[in-house]
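Listed below, chain by chain, are the residues.
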Amino acid sequence: MKITKDTIIGDVLLIDVELAPFFFEIGMHCLGCPASRSETIEQACAVHNADCDALLAKLNGFLEEKAAKAE
């Protein structure tokens, strides 16, 4: 699955909880909050003044690397 700017944060964490630290890096420490889990990646980046494209690259890069190691 490819994570996009429209992907909901709660869905991202369901894909792989190991992605949580990437949100912590942008200052999003409230991942347990129901409101934050229902935001899109784009909304979270706007609130935390973070580069959406950079976060997406990190998230998708992590998933691609993890999948390659599993092969």
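Keep in mind the model is a prediction, meaning the values are calculated, not measured.

Reading the values: the criteria
- Residue positions are given per chain, counting from 1 as you read along its sequence in written order.
- Totals for whole chains, interfaces and linings use all residues, but because this is a predicted model, local features are given only for residues with pLDDT of at least 70 and pairs of side-chain atoms are given and counted only at 80 or more.
- For the side-chain quantities, the full set of heavy atoms in the structure was used; hydrogens and water were omitted.
- Here, a salt bridge means any side-chain nitrogen of Lys or Arg that lies within 4 Å of a carboxyl oxygen of Asp or Glu.
- Put simply, DSSP H or I for four residues or longer makes a helix, DSSP E for two residues or longer makes a strand, and each gets a number counted from the N terminus.
- Only protein chains enter the area calculation, which uses a 1.4 Å probe; residues under 20% of their type maximum are buried, those over 50% are exposed, and those in between are partly exposed.

Asks: Help me understand the pattern of salt bridges, please; the structure alone is not making it clear to me.
Replies: Side chains carrying opposite charge are able to pair once their charged atoms draw close together. Going through the model one piece at a time under the given rule, you end up with five salt bridges. Linking Lys66 and Asp16 is a salt bridge whose minimum nitrogen-to-oxygen distance equals 2.6 Å. Of this pair, Lys66 sits in helix α5 (residues 52–70) while Asp16 sits in the loop between α1 (9–15) and α2 (20–25), and the two are 50 residues apart along the sequence. Given a relative accessible area of 35%, Lys66 falls into the partly exposed group. On the basis of relative accessibility, which here comes to 8%, the residue Asp16 falls in the buried class. Between Lys58 and Glu25 there is a salt bridge; the shortest N-O distance is 3.1 Å. Here Lys58 is found in helix α5, whereas its partner Glu25 is found in helix α2, with 33 residues between them in sequence. For Glu25, a relative accessible area of 52% translates into the label exposed. Through salt bridges that share partners, Asp16, Glu18 and Lys66 make up one connected network.

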